[in-house]
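Here are the chains, one letter per residue:
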There are 2 protein chains.
Amino acid sequence: MALSVKIEPKFETNSKATELYIGVDVGGTRSVGIAASRDGFVFGYNVGGPANLQIDGFSSCADTVVSIVHKLVPPNSLLKCVGAGIPGARTKGDHEKLSKLISSSLGCKAIVTGDVELACHACFPSGDGVVVVAGTGSSARAISGGSIIARAGGWGPLLGDEGSAYWIGLEALRSVARAVDGSGSFTRVCEAIKERFGLSSFDELVSITMDLKRDQIASLAELVHEIAKAGDEVSIEILRRAGSELGTIAGTVAKRIGRSVKIALVGGVFNAGDYVKLPLLEVLRRIGIEATVIEPKFPPCVGGLILAYRACGIELAESTIQNLEMSAREAFIK
Amino acid sequence: MALSVKIEPKFETNSKATELYIGVDVGGTRSVGIAASRDGFVFGYNVGGPANLQIDGFSSCADTVVSIVHKLVPPNSLLKCVGAGIPGARTKGDHEKLSKLISSSLGCKAIVTGDVELACHACFPSGDGVVVVAGTGSSARAISGGSIIARAGGWGPLLGDEGSAYWIGLEALRSVARAVDGSGSFTRVCEAIKERFGLSSFDELVSITMDLKRDQIASLAELVHEIAKAGDEVSIEILRRAGSELGTIAGTVAKRIGRSVKIALVGGVFNAGDYVKLPLLEVLRRIGIEATVIEPKFPPCVGGLILAYRACGIELAESTIQNLEMSAREAFIK
């Protein structure tokens with residue numbers, strides 16, 4: 001489900017102030033906010049700049065949310081609550097501090113969580129499920145009845161992120177090192193990496209990688225996928241191992257749900273399709289878990305909306321979900 | 001073999017200028033130079049500051065060598081050649097550029113190589129052998145008849161260094177992440193790391209590790225060894241895998257020597273003894289290589305001396321090696 005058009009807010013015509021609930025998905029490349037009524041009618045959405053708590057700090061992250069919200073609150077409306085997901089906000093303390101900052105700035109209730117948790121609420125607004133996120137980083141969550149009950153992965157590039165795009169990129173670079181050492185094979189991965197970095201000798205790889213940024217390494221994952229499609233065994237094996245790693249963290253949290261789980265796969269790594277998905281499901285099968293892959297029900301910003309409803313004690317009725325689906329269709333194109 | 005006392009140079013009393021050959025081992029914490037005659041009589045040694053080509057650049061590394069050499073050349077002596085090993089000097093281009101800088105500054109022949117290569121010449125001044133270095137980083141070399149004929153590993157913290165102290169430290173941190181996720185066990189490693197970093201919650205681990213320097217992570221390897229000695233299964237398993245990783249790079253280069261090889265194990269990781277050595281040898285055995293572990297014959301600076309002799313076309317006679325052993329005994333305490 002990708003955002004495509006900005007719809008015009010449709011406000012109720014009676015004189016009573018419209019109660020407004022807003023969900024904000026702060027992202028690493030951009031942020032998206034969505035505004036809706038108490039019963040799930042979407043009024044509009046707004047796109048803003050990126051932020052990350054570990055990089056930008058508390059006040060800058062709060063400001064990002066506040067400026068997106070401001071543009072979504074029309075006259076004669078009453079902002080009730082904002083639910084936001086912010087990357088890098090890991091601890092309960094982070095969430096509370098950010099909630100307070102946003103709340104005091106907007107004069108309404110606010111609830112903040114991590115970006116992955118937001119995606120969980122959007123994928124499984126009701127019922128149980130597992131969400132595996134594999135973008136630049138990787139992690140898995142189990143959600144049950146609106147609460148995150150288990151998490152695995154998400155420990156960052158140094159301690160974790162196994163199976164992420166960053167991990168895949170590093171494995172590609174390592175496969176070059178092994179080929180040069182003589183313990184691996186020279187395949188198209190080596191050629192492609194030599195070309196990508198303009199290397200005259202593979203010895204240059206060590207000093208070049210010292211300066212590579214995390215997203216430059218992660219961007220190699222697409223290259224690996226391309227080469228895998230052309231039949232390269234080393235690339236196929238890297239993607240297979242990425243899938244297995246993601247299967248391991250998925251299995252760790254899935255056990256908390258039961259033997260039969262719904263699973264949503266979110267993030268750019270899954271563009272590699274069956275190269276990654278089949279080994280992921282195979283790991284789950286091996287530990288006795290039957291997983292059904294589902295499409296995420298909503299984009300992450302709707303997860304923020306759901307959080308905002310819950311923070312105000314509003315039960316997520318089936319009709320609200322239907323209204324969100326129906327009216328969100330005008331704002332989003334699948 | 002550790003350096004301990006500085007001996008007084010003993011110069012020949014005849015009026016002819018003494019021909020001097022100098023070996024310099026530039027290190028990450030300090031550098032050591034040793035001066036000897038053409039036939040292996042050691043005149044003296046000198047200790048200087050550290051340097052690394054990747055950190056300090058060409059002229060600073062050359063200066064480090066030159067200043068150590070200056071203090072080793074007494075009046076009425078003729079400096080013939082300097083052989084030096086410099087960490088971070090990986091490529092042939094690096095070696096040539098450094099040789100030229102040192103040569104033009106000292107007005108004598110100079111030959112430069114990497115620090116690991118220097119250790120190889122010191123471990124196997126004649127004959128064949130494999131050297132595995134596992135300190136902060138890790139790598140392996142095969143040496144035959146005075147030439148490095150194969151190398152593996154040494155790709156730095158991002159692409160390689162498997163089995164190094166840095167790798168062991170990271171694995172310890174990752175074992176904490178897995179314990180928190182629920183896919184691993186809480187053992188003494190978790191307690192020790194919580195204490196070492198003064199964590200109030202394991203969630204803090206992600207942000208703390210972002211700021212950790214490479215040697216801070218590497219320093220955890222000693223902690224892992226201590227806990228392994230106390231019987232902790234997770235620590236023992238980390239050291240076992242470190243040994244296997246080192247066995248893999250050792251095997252890659254050992255194949256180039258033959259089925260029966262002498263192997264020297266250099267660097268702090270081997271302080272963990274059999275926890276690391278036995279799985280290393282087991283990997284070699286599995287690929288059909290019978291390895292005999294030997295003690296390094298000389299400290300690395302003597303490797304520089306050997307390089308200097310060879311650069312001047314001086315064959316390394318058995319008597320020269322004997323002289324070096326005998327006279328070096330006065331300068332070094334085993």
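Residues numbered from 1 in each chain as written. Chains lettered and ligands numbered in written order. Predicted model: local features only at pLDDT ≥ 70, side-chain atom pairs only at ≥ 80, totals over all residues. Heavy atoms only, no water.

Colleague: Could you give an account of the overall build of chain A, naming the residues involved and the relevant values?
Modeller: Counting its secondary structure elements, chain A contains 14 helices and 12 strands. Rg of the C-alpha trace for chain A: 21 Å, near the compact-globule value of 20 Å for 334 residues, within the 12% margin. Counting every position in chain A, which comprises 334 residues, the buried fraction comes to 54%. Counting contacts in chain A only where the partners sit at least 6 residues apart, residues at least 24 apart contribute 70% of the total. For chain A, the exposed surface amounts to about 14,300 Å²; the carbon and sulfur share of it is 50%. Here chain A contributes 35 positive and 36 negative side-chain charges, whose respective centroids are spaced 6 Å apart. (Helix = DSSP H or I, 4+ residues; strand = E, 2+ residues; numbered from the N terminus. Rg over C-alpha atoms; globule rule 2.2 N^0.38 Å. Buried < 20%, exposed > 50% of the residue type's maximum accessible area, 1.4 Å probe, protein only. Contact = heavy atoms within 4.5 Å. Areas by Shrake-Rupley, 256 points an atom, 1.4 Å probe, with all protein chains shown as cover. Lys, Arg positive; Asp, Glu negative; His and termini not counted. Charge placed at Lys NZ, Arg CZ, Asp CG, Glu CD.)

Colleague: Tell me what's going on with the relation of the copies chain A and chain B, and back it up with residues and numbers.
Modeller: Each copy of the sequence occupies a distinct position, and chain A is placed on chain B by a rotation of 180° and an axial shift of 0.1 Å, giving an RMSD of 0.1 Å. When the rotation and shift are considered jointly, the pair of chain copies conforms to a two-fold rotation axis. Among all residues of chain A, the minimum C-alpha distance to the rotation axis is found for Leu158(A), at 4.7 Å. Mapped onto chain B, 100% of the interface residues of chain A are again interface residues, and the two copies thus contact each other with one and the same surface. (Least-squares fit on C-alpha atoms with pLDDT ≥ 70 in both.)

Colleague: For the domain arrangement of chain A, give the residues involved together with the corresponding values.
Modeller: With domains assigned, chain A is organised as domain 1 (2–125 + 297–333) and domain 2 (157–294). If you average the C-alpha positions of domain 1 of chain A and of domain 2 of chain A, the two centres end up 32 Å apart. (Domains from an automatic or database assignment.)

Colleague: So what about helix H6 (residues 165–181) of chain B? Which residues, and what values?
Modeller: Because the α-helix completes a turn every 3.6 residues, residues three or four places apart line up on one side. Residues and elements named next belong to chain B. Look at H6: 24 Å from first C-alpha to last across 17 residues, which is about the 24 Å you get at 1.5 Å a residue. Along H6, 15 of the 17 residues are buried, which leaves the element largely enclosed by surrounding structure. Taken from the residues just after H6, Gly 182 is the one with a positive phi, measuring 105°. (Expected span 1.5 Å × (residues − 1).)

Colleague: Hey, could you go over the packing of aromatic side chains for me, with residue numbers and the actual values?
Modeller: With the rule as written, the count across this model stands at four aromatic pairs over all chains. Ring plane angle 40° and centroid distance 5.8 Å describe the contact between Phe186(A) and Phe202(A), whose orientation is recorded as tilted. Of this pair, Phe186(A) sits in the loop between helix H6 (165–181) and helix H7 (188–196) while Phe202(A) sits in the loop between H7 and helix H8 (204–211), and the two are 16 residues apart along the sequence. According to the relative accessible area criterion, Phe202(A) is buried, its value standing at 13%. Here Tyr21(B) and Tyr309(B) contribute two aromatic rings whose centre-to-centre distance is 5.2 Å and whose plane-to-plane angle is 55°, an arrangement assigned as tilted. A residue pair is termed long-range when its members are at least 10 positions apart, and Tyr21(B) in strand E2 (residues 18–25) and Tyr309(B) in helix H13 (residues 300–311) qualify at 288 residues. In this structure, Tyr21(B) and Tyr309(B) share a single accessibility class: buried. A cation over an aromatic ring shows up here: Lys194(A) above the ring of Phe202(A), its NZ or CZ 4.9 Å from the ring centre. In this structure, Lys97(B) packs its charged tip against the face of Phe58(B), placed 4.1 Å from the ring centre. (Phe/Tyr/Trp six-rings, centres within 6.5 Å; stacked < 30°, edge-to-face > 60°. Lys NZ or Arg CZ within 6 Å of the ring centre and 35° of its normal.)

Colleague: I'd like to hear about the pairing of E2(B), residue by residue, with values.
Modeller: Residue and element names in this part refer to chain B. Along E2, seven of the eight residues are buried, which leaves the element largely enclosed by surrounding structure. Bridging between E2 and strand E5 (residues 77–85) involves eight bridges; their strand directions are parallel. In the strand pairing of E5, Ile 22 is matched with Val 82. Between the antiparallel neighbours E2 and strand E3 (residues 31–36) lie five residues. (Pairing = 2+ DSSP bridges.)

Colleague: Explain the packing of H6(B) against helix H10 (residues 220–229) of chain B to me, and be specific about the residues and the numbers.
Modeller: All names here are of chain B. Close contact between H6 and H10 brings their axes to 7 Å; oriented N to C, the two are set at 65°. Between H6 and H10, the angle is such that the two are roughly perpendicular. The two elements H6 and H10 cross, and the hand of that crossing is left-handed. Along the contact surface, H6 presents Ala 165, Ile 168, Gly 169, Ala 172 and Leu 173, while H10 presents Leu 220, Ala 221 and Val 224. For the contact of H6 with H10, a count of residues per class yields seven nonpolar, one polar and no charged. (Axes fitted to C-alpha atoms, helices over the stretch in contact; angles between N-to-C directions. Parallel < 35°, antiparallel > 145°, perpendicular 65-115°, else oblique. Left-handed = near helix turned anticlockwise from the far one by under 90°. Nonpolar A, V, L, I, M, F, W, Y, C, P; charged D, E, K, R; others polar.)

Colleague: Quick one: what's the story with the packing of H10(B) against helix H11 (residues 233–254) of chain B, residue by residue and with numbers?
Modeller: Two quantities define a packed helix pair, namely the angle between the helix axes and the distance between the axes. Residue and element names in this part refer to chain B. Where H10 contacts H11, the two axes come as close as 8 Å, and the packing angle between them is 125°. The angle between H10 and H11 places the two elements in the oblique class. Here H10 and H11 pass one another in a crossing that is left-handed. Packed against H10, whose contacting residues are Val 224, His 225, Ile 227 and Ala 228, the element H11 presents Ser 235, Ile 236, Ile 238 and Leu 239 at the interface.

Colleague: Outline unusual backbone geometry, listing residues and values.
Modeller: Across the chain, the bulk of peptide bonds are trans and the bulk of non-glycine residues have phi less than zero. Unusually for a residue other than glycine, Asn76(A) sits at a positive phi of about 60°. Structurally, the position occupied by Asn76(A) is in the loop between helix H2 (58–70) and strand E5 (77–85).

Colleague: Any chance you could break down the side chain of Ser37(A) for me, citing the residues and the numbers?
Modeller: Residue and element names in this part refer to chain A. By the element assignment, Ser 37 lies in the loop between strand E3 (31–36) and strand E4 (42–48). In this structure the side chain of Ser 37 is engaged in a polar contact, spanning 2.6 Å, whose partner is the side chain of Asp 39. Apart from the residues within four sequence positions on either side, Ser 37 is in contact with Glu 19, Tyr 21, Phe 43 and Tyr 309. (Polar contact = N/O pair within 3.5 Å; in protein donor to acceptor, adjacent residues only side chain to side chain.)

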